[in-house]
Every structure is written in C-alpha cells, then in structure tokens.
Amino acid sequence: ARLSGKLEDYQRCSAEMVSIARIYLNHNLTMFNSSIYFLNACLAFFLYVEEEESNLDNLKSRISEFIQAIVDVDTMFAGTRECVFFRDIVAAYLKPSMDDFADQTYMFDSVHKFDYWQLTILRRIHEALEFEVELANNKKNGNTKEENDDDSYGEYDSYSDDDSDDSESDDDLD
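Quick look at the side chain of D74
For D74, the position within the fold is in the loop between α4 (56–73) and α5 (81–94). Looking at D74, the relative accessible area reads 9%, which means it is buried. Contact partners of D74, with chain neighbours within four places excluded, come to L25, S34 and F38.

As for the nonpolar core
In terms of nonpolar packing, the biggest core is built from 41 residues, with F46, I63, F86 and I125 touching the most fellow members. Sorting the residues of this core by element identifies α2 (10–25), α3 (34–52), α4, α5, α6 (98–111) and α7 (116–141) as the ones contributing at least two each. Sorting elements by how many residues they give to this core places α3 first, with 12 residues. When sequence neighbours within four positions are dropped, the list of residues in contact with I125 reads L43, F46, L47, I89 and F101.

Things to note about α5
Taking 1.5 Å as the rise per residue, α5 with 14 residues should run 20 Å; its terminal C-alpha atoms sit 20 Å apart, in good agreement. Every buried residue of α5 is accounted for by E82, C83, F85, F86, I89, V90, A92 and Y93. Where α5 is buried, its residues touch α3, α4, α6 and α7.

Rules used in this analysis
Throughout, residues of each chain are indexed from 1 in the direction in which the sequence is written. Side-chain atom pairs in this predicted model are given and counted only at pLDDT of 80 or more, local residue features only at pLDDT of at least 70, and totals for whole chains, interfaces and linings cover all residues. Based on all heavy atoms of the structure, the side-chain values leave hydrogens and waters out of the count. Strands here are runs of E lasting at least two residues and helices are runs of H or I lasting at least four, both read from the DSSP assignment and numbered beginning at the N terminus. Buried means the residue's accessible area, taken with a 1.4 Å probe over protein chains only, is under 20% of the maximum for its type, while exposed means over 50%, and partly exposed covers the values in between. Every residue pair with non-hydrogen atoms within 4.5 Å of one another is taken to be in contact. Throughout this description, the term nonpolar core refers to a set of buried Ala, Val, Leu, Ile, Met, Phe, Trp, Tyr and Cys residues connected via side-chain atoms within 4.5 Å. For a helix, the expected span equals 1.5 Å multiplied by the residue count minus one.

See the structure below:
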C-alpha cells in the first residue's frame, strides 16, 4: 500500500489502506491502530481526487463521501483525532490557506509523530496547496501567470566567457 502511494497510484493505495484498517478492526489488540490506516487512506484518496477533480465543490463532495464510507465501516473514526485532522487539512485546501495547513499539521504532529510515508504524502498535498494558493492570489490580484513570472536569473543570462580570465597557462602552475 505504501509503495503504491510512493509510486503515485493513490487510488490503489487508498483501497489497500482501507483493507488493512478493516483487518485491524477485526482484532482486539490492533483495532485502535486502524484509525492511522484510515487516515493514510484518506490522505491517499485526497491526492487521487485532487488530481482528478478541478472543481473544488466536486472534490469536497467526493472526500465527504469517502469519509462517510469509512465511518460506515468504523463508526468510531468520525470522532478520532485522525478524522478531525484530515477534515482540517481539507478545509485548509478548500480555503486555500497555507497557514491553516501548517498549523494543523504541526498540532497533529505534536500528538502523533508522522512517519516517512505520511510526510511524503503531506509534502505532496502541501505542493498542491501551494499551487491553489498561488492560483487564488492570481485571481484576487487579476494577474496571469506570465505577469507573475520574475526573471530572477536575468543578470546571469548575459554571462560571457570574455569576463573571466582563464588564459593561465600550464607554465604558471609549475
């Protein structure tokens, strides 16, 4: 399941994480760890839907349906910190607000330390959110992408070999 997420096959990853969480629910010793797998499934599903949907309303409705499907499997998931965290992440994406995303991620990480896979997935969500924030700022300011592109390397475009003195000979090195 984690490999599918790293390979960006988010739909398969999400389905496998839900399957693992269902297995965890059947055993008394592991049933409380199932919420972590449901969270992983939600994060992977979010990336899958984010790639597929361009309309934020459709994204919100599909994520709500997915959370409801998980709640149908495990009624306790709706009240877990993992579900609250995921809903806050989705709200930050829909706003779009980098500050809310960072705050929610920091607060959840102080309660439950993220593993490498979760950090990788959250980084991908962060990149998608950055794009949404940039898009929202451009719409708010009435700018297009071409107007916002700065040529910060402009001073290096006119670089020529005439400026440097590489005419040292091998005799100078002896």
